[in-house]
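A structural walkthrough
One letter stands for each residue in the lines below.
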Amino acid sequence: MLCCLILTFSICLTALLGDAILNVIRLPISRAFTDSLTHGLIGLITWIVVVQLYRGKFLVSKTFEVILSGFIASAIDVDHFIYNRSFDINEALHLGEHRPIFHSTSLLIVSTVVPYIFSLIRYQAIFFPLFVAEMSLETFLNEIEDGVDGEEDEVLTAAAVLQILNEAWINEKLSPELLPHKSEYVEVMMEQITQMEENVSRLNPTDLRNLIHRQELERIRYLIRSYLRIRLAKIEKYSLSLFNTRDIMSAEETDYLREYLALSVEPLKSLCDRMSGPIGNLNPKQIEISPDLETHVFIKSKCDLTEALIVNDDEIVLKEGSQHIIPYSVVREHIKENRVFLI
């Protein structure tokens, strides 16, 4: 920052020094050269400040940009000749009260503001769908549990949906049982990923933003894939116990469970029925696996719970932000109602 302040002071000093020299010099060619040199130095130092602020240090790779900036700044005086329609130095140095086109403040403002606005529009076209924009999720807002009756529906952002999925993924990964599905959020996020890919594809492949956005998309895809795989693994493991509790599964997961049972349990039962002895009387309940709901889990409370939790005749009061190690069965309903989450 100190370096930028020194460079900024140098810009002012260069401008003042250039004006002072012009007041002394009388030779037209020398005056023209000094004026152009002053403009070039100001442009050169200004771009050094830009590079310094953007990168935090001056890079040798930016030397060409700095030199080019100085050259362009010194070349703007060509508008003196354009305005006079003559290459005469004396006429170029005496323009009266008229200002040439490249010295026009209005042109400078327009040439700066218009590209800036265009860059903002383009930036929002890339980031708007996933990270900034408020998107209407009216199709499933009624299913969102906000914990407050009568509260007006809130418009979810894509970032909020991603946060919900991230929390659902962690809960699913750490809970011993299969939790209620979040398929509606998965579908919305997949639609956003598709839209995001279309926007990112418009970027230049060599653009750094292209790489960053694609890495973020891969991270979101991994989260969704991992979440679904964890659920499928639990469905396979607890298939028999889940057969009568299919309300916590999505339609696709229910179909998967039905096909899994048809390919695994039914052939086994058919084989056992043809065998004599105890094996021939196989009951599916004998091979049913149920989750251990008494396993201890780490939890963190999202809000203050009015009722204390009873664990081994001890009362545990959950305050917002408090963390505990507690049997899963005690907080099972609170997790499903989004009052606490697993950590």
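Quick notes on the rules
Throughout this document, residue positions are counted from 1 along each chain, in the order its sequence is written. pLDDT decides what is reported in this predicted model: residues at 70 or higher carry local features, side-chain atom pairs at 80 or more are listed and counted, and totals for whole chains, interfaces and linings draw on all residues regardless. With hydrogens and water excluded, all non-hydrogen atoms of the structure serve as input to the side-chain values. Here a helix means four or more residues in a row that DSSP labels H or I, a strand means two or more in a row labelled E, and each is numbered from the N terminus. Working definition: with a 1.4 Å probe on protein chains only, accessible area under 20% of the residue-type maximum means buried, over 50% means exposed, and in between means partly exposed. Computed with the Shrake-Rupley method and a 1.4 Å probe, the accessible areas treat only the protein chains shown as cover for residues. Any carboxyl oxygen of Asp or Glu within 4 Å of a side-chain nitrogen of Lys or Arg constitutes a salt bridge here. Centres within 6.5 Å are what make two rings of Phe, Tyr or Trp a pair, Trp counting through its six-membered ring; a difference in plane orientation under 30 degrees is then read as stacked, over 60 as edge-to-face, and the rest as tilted. Between N-to-C directions, angles cover 0 to 180 degrees, with each direction set by a line fitted to C-alpha atoms, over the stretch in contact for helices. Roughly parallel means an angle under 35 degrees; roughly antiparallel, over 145; roughly perpendicular, 65 to 115; everything else is oblique. Helix crossings get a hand from a simple test, with the near helix turned counterclockwise from the far one by less than a right angle marking a left-handed crossing and a clockwise turn marking a right-handed one. Whether two residues are in contact is decided by their heavy atoms: any pair within 4.5 Å suffices. Any residue that is not Ala, Val, Leu, Ile, Met, Phe, Trp, Tyr, Cys, Pro, Asp, Glu, Lys or Arg is counted as polar, Gly included; the first ten are nonpolar and the last four charged. Two strands pair under a simple rule: DSSP has to find at least two bridges between them. Each residue after the first adds 1.5 Å to the expected span of a helix. Like-charged residues within 9 Å of one another, or nonpolar side chains (Val, Leu, Ile, Met, Phe, Trp, Tyr) within 5 Å, are grouped into patches, provided each residue has over 30% relative accessible area and no salt bridge. We call a set of buried Ala, Val, Leu, Ile, Met, Phe, Trp, Tyr and Cys residues a nonpolar core when their side-chain atoms join them within 4.5 Å.

**Overview of the overall build of the protein**
- Looking only at helices and strands, one finds 12 helices and 5 strands in the protein.
- Put simply, the protein has 343 residues, and 33% of those count as buried.
- Taken as a whole, the protein presents about 22400 Å² of accessible surface, with 60% of it coming from carbon and sulfur.

**With respect to the pattern of salt bridges**
- In total, this model carries 11 salt bridges according to the counting rule given.
- Of the charged contacts in the structure, one is a salt bridge between Arg258 and Asp255, with a shortest N-O distance of 3.0 Å. Of this pair, Arg258 and Asp255 are both found in helix α11 (residues 251–273), 3 residues apart, which corresponds to roughly one turn of the helix.
- Under the relative-accessibility criterion, Arg258 is labelled partly exposed at 44%.
- In this structure, Arg339 and Glu337 form a salt bridge, with 2.2 Å as the shortest nitrogen-oxygen distance.
- Connected through shared salt-bridge partners, Glu172, Arg231, Lys234 and Glu253 make up one network.

**Structural notes on the packing of aromatic side chains**
- Counted under the stated rule, the structure contains 2 aromatic pairs.
- Plain terms: the ring middles of Tyr256 and Tyr260 are 6.5 Å apart, the flat faces sit at 20 degrees to each other, and that makes the pair stacked. Taken as a pair, Tyr256 and Tyr260 lie in helix α11 at a separation of 4 residues, close to a single helical turn.
- On the accessibility criterion, Tyr256 (27% relative accessible area) is partly exposed.
- Among the residues examined, Tyr260 registers a relative accessible area of 28% and is labelled partly exposed.

**Focus: the packing of helix α7 (residues 158–174) against helix α8 (residues 183–200)**
- Axis separation between α7 and α8 bottoms out at 10 Å; the angle between their running directions is 130 degrees. In this view, α7 runs oblique relative to α8, as classed from their interaxial angle. In this structure, the crossing between α7 and α8 has a hand that is left-handed. For the pair α7 and α8, the contacting residues are Ala158, Val161, Leu162, Ile164 and Leu165 in the first and Tyr185, Val186, Met189 and Gln192 in the second.
- Here the residues of the contact of α7 with α8 are counted per class, giving 8 nonpolar, 1 polar and no charged.

**Considering the sheet that holds strand β5 (residues 340–342)**
- If you walk across this open sheet you meet the 3 strands as β4-β1-β5, and the pairing is antiparallel. Of all the strands in the sheet, the pair left with one neighbour each is β4 (323–327) and β5. Taking each pair of neighbouring strands and ignoring which way they run, the sheet shows an average axis angle of 40 degrees.
- Direction of pairing for strand β1 (residues 296–301) relative to β4: antiparallel, over a ladder of 5 bridges. Each residue of the ladder has a partner; that of Val297, found in β4, is Ile326.
- Contacts from helix α12 (residues 328–336) reach β1, β4 and β5, with the element oriented near 115 degrees to β4.

**Some thoughts on α7**
- Taking 1.5 Å per residue as the helical rise, α7 with its 17 residues ought to reach 24 Å, and the 25 Å between its terminal C-alpha atoms agrees with that figure.
- When we look at burial in α7, the residues that qualify are Ala158, Val161, Leu162, Leu165, Glu167, Ala168, Trp169, Asn171 and Glu172.

**Here's the deal with a nonpolar patch on the surface**
- On the surface, Phe64, Leu68, Phe71 and Ile72 cluster together to form a nonpolar patch covering roughly 450 Å² of accessible area.
- Its place among the elements puts Phe64 in helix α3 (residues 63–75).
- Overall, Phe64 belongs to the exposed group, its relative accessible area being 63%.

**What about the nonpolar core?**
- One finds Leu165, Met189, Ile193, Ile220 and Ile224 to be the most contacted residues of the largest nonpolar core, which totals 18 residues.
- Sorting the residues of this core by element identifies α7, α8 and α9 (208–237) as the ones contributing at least two each.
- In this structure, Ile224 is in contact with Leu165, Val186, Met189, Met190 and Ile193, ignoring residues within four places of it in sequence.
- If you look at the next biggest cluster of nonpolar residues, it comprises 13 residues, including Val297, Leu305, Ile326 and Val331.

**Regarding the environment of Lys336**
- Of note, Lys336 is situated in helix α12.
- Lys336 gets classed as partly exposed once you look at its relative accessible area, which sits at 27%.
- Sequence separation between Lys336 and Asn171 is 165 residues; the distance between their C-alpha atoms is 9.6 Å.

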